[in-house]
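One-letter residues, chain by chain:
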Amino acid sequence: MPIPSWSPEDGVRRVLVVTAHPDDVDFGSAGTVAAFTSAGVEVTYCIVTNGDAGGSDRAMSRADIAALRQDEQRAAAAVVGVSDVHFLGHPDGMVQATLELRRDISRVIRRVRPERVLTQSPERNWDAIFASHPDHLAAGEAAVCAVYPDARNPFAHLELLDEGLEPWSVSELWIMGPGSGGAESGIAVETTATVERKVAALMCHKSQMTDPDAIAQRVVTWARDTARVAGLPDGASAEVFRVTRIP
Ligand SMILES: [Zn+2]
């Protein structure tokens, strides 16, 4: 059964993407982000860690790798039309879905006031263990809790009211990643016109790339396979999300 396709005329003007590490948004949804920004939708990134446990250069200080990865993420964001990037600075490799992280994500939601939040799946996918990094599961869980109930509840994280941040109700939650889409609750975003920008965004994460050509090829193949599953024509590219609407 084909998966319904995203329409640029759905009325959503602001989207927030919440991920654990620099580069997660580019693997998971940069083709979609480029499609959104091309349609005039404002997209903001909220990255939970600075990625200071990434890379493979042991001679580099962890503070330097964190600074480098933030720069790489800002450059990758610019490739797909995003200039607003928030880093929450939680330690890479130690993310937990604590009340503190839920508050930090709620703070960004109340500032940005997005109608739609994209995040990682809080559920482990046994067929895609790299996509199920513990930081991804924890960031996804905290983001889901921030969307509902924290950001919309005036009595959650009272300090946010003291900061002048009024409650905000996000109306759509999109979960990214392999296995997250379903025929009944999924939505496909065609990325045929943007997959090249997705690859260019990924290539900005130079500190993470041991074999950039192989990664580029894999990403293009994934996008084509996803489009086929979504029922799009041969040669098309797509990303698929599980969508939950929140009244
Ligand atoms: Zn990651």
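Quick look at the structure, then. Given the structure is predicted, the values throughout are model-derived calculations rather than measurements.

A few points about the overall build of the protein chain
When helices and strands are tallied, the protein chain shows seven helices and seven strands. Taken from the N to the C terminus, the helices and strands of the protein chain come in the order β-α-β-α-β-α-β-α-α-β-β-α-α-β. By the compact-globule yardstick of 18 Å for 247 residues, the protein chain fits well, its C-alpha radius of gyration being 17 Å. Reported as C-alpha extents along the three principal axes, the dimensions of the protein chain are approximately 55 × 50 × 35 Å. Considering the protein chain as a whole, with its 247 residues, one finds that 52% of them fall into the buried category. Counted over contacts in the protein chain with a minimum sequence separation of 6, partners at least 24 positions apart contribute 79%.

A few points about the pattern of salt bridges
Counted by the stated rule, this structure contains 12 salt bridges. Salt-bridge contacts for arginine 116 lead to aspartate 10; the nearest nitrogen and oxygen are separated by 2.5 Å. Taken together, the positions of arginine 116 in strand β4 (residues 116-120) and aspartate 10 in the segment before β1 (14-19) put the pair 106 residues apart, joining distant regions of the chain. The exposure class of arginine 116 is buried, given its relative accessible area of 1%. Looking at aspartate 10, the relative accessible area reads 33%, which means it is partly exposed. Two residues, arginine 228 and aspartate 225, come together in a salt bridge whose shortest N-O distance is 3.2 Å. You can see arginine 228 and its partner aspartate 225 sitting in helix α7 (residues 212-229), three residues apart, about one turn around the helix. Using a relative accessible area of 34% as the deciding quantity, one classes aspartate 225 as partly exposed.

Notes on the coordination of the zinc ion
Looking at the zinc ion, one finds its protein donor set to be His21 (ND1), Asp24 (OD) and His136 (NE2), positioned 2.0 to 2.1 Å from the metal centre. All donors of the zinc ion come from a single chain, and their spacing in sequence reads H-x2-D-x111-H. By relative accessible area, which is 8% here, aspartate 24 ends up buried.

Re the packing of aromatic side chains
A full pass over the atoms with the stated rule returns three aromatic pairs. With centroids separated by 5.7 Å and ring planes inclined at 70 degrees, the aromatic side chains of phenylalanine 36 and tryptophan 174 adopt a geometry described as edge-to-face. Here phenylalanine 36, found in helix α1 (residues 24-38), pairs with tryptophan 174, found in strand β5 (residues 172-176); they are 138 residues apart in sequence, far enough to count as distant. Neither phenylalanine 36 nor tryptophan 174 differs from the other in exposure class; each is buried. Put simply, the rings of Trp6, Phe36, Trp174 and Phe241 pair up and form one aromatic cluster. One cation-aromatic arrangement involves arginine 124 over tryptophan 126; the distance from NZ or CZ to the ring centre is 5.6 Å.

Topic: a nonpolar patch on the surface
Together, Trp126, Ile129 and Phe130 make up a nonpolar patch on the protein surface, roughly 480 Å² of accessible area in all. Structurally, isoleucine 129 is set in the loop between β4 and α4 (134-147).

A short note on the sheet that holds β5
Judged by pairing direction, the sheet is mixed, and its seven strands sit side by side in the order β3-β2-β1-β4-β5-β7-β6 without closing on themselves. Each having just a single partner strand, β3 (84-90) and β6 (186-190) make up the two edges of the open sheet. Recorded for the sheet is a direction-independent mean angle of 25 degrees between the axes of neighbouring strands. Sheet strands touched by helix α2 (residues 62-79): β2 (42-49) and β3. Its angle to β3, the strand with the most contacts, is close to 155 degrees.

Focus: the packing of helix α6 (residues 195-203) against α7
Each pair of packed helices gets described by two things: the angle between the helix axes and the distance between those axes. Remark: α6 packs on α7, axes separated minimally by 10 Å, with the N-to-C direction vectors making an angle of 145 degrees. Pair α6 / α7 crosses with right-handed handedness. From α6, Val195, Lys198, Val199, Leu202 and Met203 reach across to α7, where they touch Pro212, Ile215, Ala216, Val219, Val220 and Ala223. Considered class by class, the residues forming the contact of α6 with α7 number 10 nonpolar, no polar and one charged.

A few points about the pairing of β3
As paired strands, β2 and β3 are joined by five bridges and run parallel to one another. Residue pairing in the sheet places tyrosine 45 in a bridge with valine 85 of β3.

Some details on α1
Two residues of an α-helix separated by three or four positions point the same way, owing to the 3.6 residues in each turn. With 15 residues, α1 should cover 21 Å at 1.5 Å per step; its first-to-last C-alpha distance of 21 Å lies within 8% of that length. Considering bend angle alone, the principal kink of α1 is centred on alanine 30 and spans about 70 degrees. Of all 15 residues in α1, 12 are buried; the element is thus mostly enclosed. Burial in α1 covers these residues: Asp24, Val25, Asp26, Ser29, Ala30, Gly31, Thr32, Val33, Ala34, Ala35, Phe36 and Thr37.

What counts, and at which threshold
- Residues numbered from 1 in each chain as written.
- Predicted model: local features only at pLDDT ≥ 70, side-chain atom pairs only at ≥ 80, totals over all residues.
- Heavy atoms only, no water.
- Helix = DSSP H or I, 4+ residues; strand = E, 2+ residues; numbered from the N terminus.
- Rg over C-alpha atoms; globule rule 2.2 N^0.38 Å.
- Buried < 20%, exposed > 50% of the residue type's maximum accessible area, 1.4 Å probe, protein only.
- Contact = heavy atoms within 4.5 Å.
- Salt bridge = Lys/Arg side-chain N within 4 Å of Asp/Glu carboxyl O.
- Donors = N, O, S within 2.8 Å, 3.2 Å for Na, K, Ca; no water.
- Phe/Tyr/Trp six-rings, centres within 6.5 Å; stacked < 30°, edge-to-face > 60°.
- Lys NZ or Arg CZ within 6 Å of the ring centre and 35° of its normal.
- Patch = residues over 30% accessible without salt bridge, like charges linked within 9 Å, V, L, I, M, F, W, Y side chains within 5 Å.
- Areas by Shrake-Rupley, 256 points an atom, 1.4 Å probe, with all protein chains shown as cover.
- Pairing = 2+ DSSP bridges.
- Axes fitted to C-alpha atoms, helices over the stretch in contact; angles between N-to-C directions.
- Left-handed = near helix turned anticlockwise from the far one by under 90°.
- Nonpolar A, V, L, I, M, F, W, Y, C, P; charged D, E, K, R; others polar.
- Expected span 1.5 Å × (residues − 1).
- Bend = angle between axes of the 7 residues up to and from the residue.

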